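One letter stands for each residue in the lines below.
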Amino acid sequence: MTPLEQINAIAGLCMKNATGWPNVLNDLGYIVERIELKFTIINNSGKSRTVNPDIVLASDKKNSSLFFETKSGNIQSDCEEQLERYSLVTKKDVIQKAAIPSSYPGLHLFTMILFCDAKYQNSYKKIISAKSFPIAVIAMNKKEIKLVLNSITEKFTNKIFKQGIDIEKGYPPLSLIPILPDAGSVQMTEYVVDAIITLLVKKKRHFTVAQLMDSVFSSGLWQTFDTEAKKGLHNKVRTILKEMSNTEFRQHITRRGGNAKSPEEWTLKNHPDSKKTRQFQALKKLKIEYISRLTKGKLYMGYNPNQESIFEILEDENSPG
Amino acid sequence: MKSKLSHIKTRRGLNDFFDSIFKKTYKSLKVSQRLEYEETLPKTYMIEFNTGEKYDEDGGDEKKRESLQRTLLQIKEEIGINITATEDPSLTHITTKKFGELFIDSFDPRFLFFHTLAKSEHSDAFIFRKLIKSGYHFDAAWFTVQFLEKLAERINIVEGWDARFSPIVDVSEMQKPDYLGRRVSVSIDEPNSWKRYKQNKNTKFFEELPLSTLRVRSITDEKLIARARIQSDGKLTGRGTSFQEYLNIVSSIKDDYSRTVIGLEEKYSIKFIKDDVGFKIKGEPFVIKFSKKIKGFDDFINSMFSCTLPFRLLGTPQQIKKDYIKVNAIDLHVASKIYFEITPNFMRIYLPDNTCGNSIVRIIRSLQHRVDPNLQLDE
């Protein structure tokens, strides 16, 4: 499971409608309080350190909050230092800095949780036990989501996770948070392609990269990213557009006025005729071909204006993949 | 085409003229049970107009009407219309080359009425094949079975109803030599028709009975009558002795529909809201539960996202499990993104912010008439 899939699976536990996924935390009044929360704490050496849990759930009913750090893979070298920071978070930090709302702040209960793939749980358990970090470990496999180390301070929540949440017949929600800045390049490309097709259907003639970002990361998601993430994404999307304009989508997008010096402005062409279904189907086919080629890591075999001679084309054809 | 209605410049003028047509056609139908040559019944198409632009409360309606005028000017060549302003800024007269004349009532600039006296074949062709397909701003109002049932319970008298079910065909089934297409079509007109609908719905005799049309009657305290035939694609046909009373029916349906669509958007639109320390999520998926496990699941998925009617969704399904599909789709009716998670037993629909709630009701209505008439909604 990817970190995004884990975040969606956790958020799904709070959904009002339980169809296909257990909403056990909704019954306890939990809601998704924050995603990508960022706040600072003071460590033992008096230095300011950032804590950045992936998702925070909070219940006013139970006066409780759960801070999840998700781990989709095995333990990394910087993990211990990261967990140490989590272990230093106090109730004061939760209320004052993380700004978790509570009707009774003095009695608020909070738990730092490491949420991992069950097959890697032992390495995380080992380090947390060895350092006596007050961090609960919840592991997920195909059958259940279960508390496997330490406990959750709120007793009803603890009981639920200790018993384990049965997900064997469940269908995890995947689209509550559709995409995050650290998405893989193929996934990112899919979202960019969909945004471009949407603009083509809308018969837009021109767009800037900045305008496109609101469409790729819709529902206000773009506005939630920090400046650094935005800058990185801007570059990623610019590269994807360049790639699209030189390969499968070359008939549909080009730099405005063919000006290489203004990579921010793009022109759309060959818009589908809204009365002709086949033209939409052709766009769908083009997307499938493009994404399939990227997934397989193959080179584009059609016309590429960057290839200046027949030798380069032959070189591409003979290259691996 | 030469205009026969160009003399109508005001709302009162429109009401009086249509009222005279009401009385004339009522007389013809009463005397000879049929309309005279070239007589037609007044029709109203309820159309959703949504550019996705957001306006402040103050003056928002005027700006939306300006946006409607701009859009009509943009597409006038493509759909072949001439636009004439009237003295009322919320009433626009359009003439078409082949499809007759229509009046657009934009008092509610999001949910419009297109009134016409054109023949059904002409006005249907204009609305459904020209206007709605012209781009992404216009969409019909789509009345789900639940919406029509609630309407029937509320409205004065139900005189009749139709139910039609025409399932999407599983391609592998079609190739069998003994294949016989399945279709259910029931139509009843009688004083007890609504009682019979409720008695028959969900019985073994009529497992598939998705309500597609209601025929209702309303009588004023002065004994004036209006009858309306309400179709699930947002088309209404009126007759009786009072156009005013017919407008009351039309207007109340619009209010119900507007509340439904806006309510869906408020409850289910997914929004991400940034603050100083992170971001919050608002909204959640809309869930449709199928009454029976969908047979031919793969064919159903391929058909739903093939860009064709009735769904008009462009999407590339991604298989998560054997019976679990995720699709990031584009709703071609409105050129907006919409996300799905589908199993043979249920469907989750994620409505990104700024995507119209009309998409959800259109999808429900299509599923009811083509896939599962007894599906259940998360309401």
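Reading guide: rules and limits
Residues numbered from 1 in each chain as written. Chains lettered and ligands numbered in written order. Predicted model: local features only at pLDDT ≥ 70, side-chain atom pairs only at ≥ 80, totals over all residues. Heavy atoms only, no water. Helix = DSSP H or I, 4+ residues; strand = E, 2+ residues; numbered from the N terminus. Rg over C-alpha atoms; globule rule 2.2 N^0.38 Å. Buried < 20%, exposed > 50% of the residue type's maximum accessible area, 1.4 Å probe, protein only. Contact = heavy atoms within 4.5 Å. Areas by Shrake-Rupley, 256 points an atom, 1.4 Å probe, with all protein chains shown as cover. Domains from an automatic or database assignment. Salt bridge = Lys/Arg side-chain N within 4 Å of Asp/Glu carboxyl O. pLDDT = per-residue confidence, 0-100. Phe/Tyr/Trp six-rings, centres within 6.5 Å; stacked < 30°, edge-to-face > 60°. Buried area = accessible area lost by both parts, 1.4 Å probe. Polar contact = N/O pair within 3.5 Å; in protein donor to acceptor, adjacent residues only side chain to side chain. Nonpolar A, V, L, I, M, F, W, Y, C, P; charged D, E, K, R; others polar.

Chemist: Is there a simple way to explain the overall build of chain B in this structure?
Modeler: Helix and strand counts for chain B stand at nine helices and 20 strands. Taking 2.2 N^0.38 as the reference for a compact globule, 379 residues should give roughly 21 Å; the C-alpha atoms of chain B span a radius of gyration of 22 Å, in line with that estimate. Viewed in the frame of its principal axes, chain B has a C-alpha envelope of about 60 × 55 × 40 Å. Counting over 379 residues, chain B shows a buried share of 59%. The long-range share in chain B, meaning contacts at least 24 apart out of those at least 6 apart in sequence, stands at 62%. Counting only carbon and sulfur atoms, one obtains 49% of the accessible surface of chain B, whose full area is about 17,300 Å².

Chemist: What exactly am I supposed to notice about the domain arrangement of chain A here?
Modeler: Accessible area lost upon the coming together of the parts is a frequently used measure of interface size. As far as domains go, chain A holds domain 1 (3-166) and domain 2 (185-318). Between the C-alpha centres of domain 1 of chain A and domain 2 of chain A there is a distance of 38 Å.

Chemist: Can you walk me through the pattern of salt bridges in this structure?
Modeler: A side chain of one charge can pair with a side chain of the opposite charge if their charged atoms are brought near each other. Counting across every chain of the model gives 39 salt bridges over all chains. Between aspartate 226 of chain A and lysine 38 of chain A there is a salt bridge, with its nearest N and O atoms 3.2 Å apart. Here the residue aspartate 226 of chain A occupies a position in the loop between helix 9 (221-224) and helix 10 (227-246), and lysine 38 of chain A occupies one in the loop between strand 1 (30-35) and strand 2 (39-42), the gap between them amounting to 188 residues. One continuous salt-bridge network, built from bridges that share partners, spans Asp162, Asp189, Arg215 and Arg229 of chain B.

Chemist: Is there a simple way to explain the confidence of the model for chain A in this structure?
Modeler: For residues with low pLDDT, the predicted coordinates do not support detailed interpretation. Across chain A, pLDDT averages 90, with 92% of residues at or above 70. When pLDDT is averaged over each element of chain A, strand 8 (residues 144-149) of chain A comes out on top at 98 and helix 12 (residues 310-318) of chain A at the bottom at 53.

Chemist: Help me out: how do you make sense of the packing of aromatic side chains in this one?
Modeler: Each aromatic ring pair is described using two quantities: the centre-to-centre distance and the angle formed by the ring planes. Tallying each qualifying case throughout the model produces 27 aromatic pairs over all chains. Here the aromatic rings of phenylalanine 217 of chain A and tryptophan 222 of chain A are separated by 5.7 Å at their centres, their planes lie at 25 degrees, and the arrangement is stacked. For the pair tryptophan 194 of chain B and tyrosine 197 of chain B, a centre-to-centre distance of 4.6 Å together with 15 degrees between the ring planes defines the contact as stacked. A residue pair is termed a helical-turn pair when its members lie 3 or 4 positions apart in one helix, as tryptophan 194 of chain B and tyrosine 197 of chain B do in helix 6 (residues 193-200) at three residues. On the accessibility criterion, tyrosine 197 of chain B (1% relative accessible area) is buried.

Chemist: For this particular structure, what's the right way to read the interface of chain B and chain A?
Modeler: Each partner contributes residues to the interface: chain B has 48 residues there, and chain A has 50 residues. Both sides of the chain B and chain A interface together cover about 4,600 Å² of buried area, and 58% of this is carbon and sulfur. Where chain B touches chain A, the interface holds three salt bridges. A salt bridge links lysine 16 of chain A to glutamate 284 of chain B; the nearest nitrogen and oxygen atoms lie 4.0 Å apart. Connecting chain B to chain A are 25 residue pairs in polar contact (both at pLDDT 80 or more). When residues of the side of chain B that touches chain A are traced back to their parent elements, those giving at least two are strand 12 (269-274), strand 13 (279-282), strand 14 (286-289), strand 15 (313-315), strand 16 (318-321), strand 17 (324-331), strand 18 (336-342) and strand 19 (346-352) of chain B. Taken together, the residues of the side of chain B that touches chain A sort by class into 20 nonpolar, 10 polar and 18 charged.

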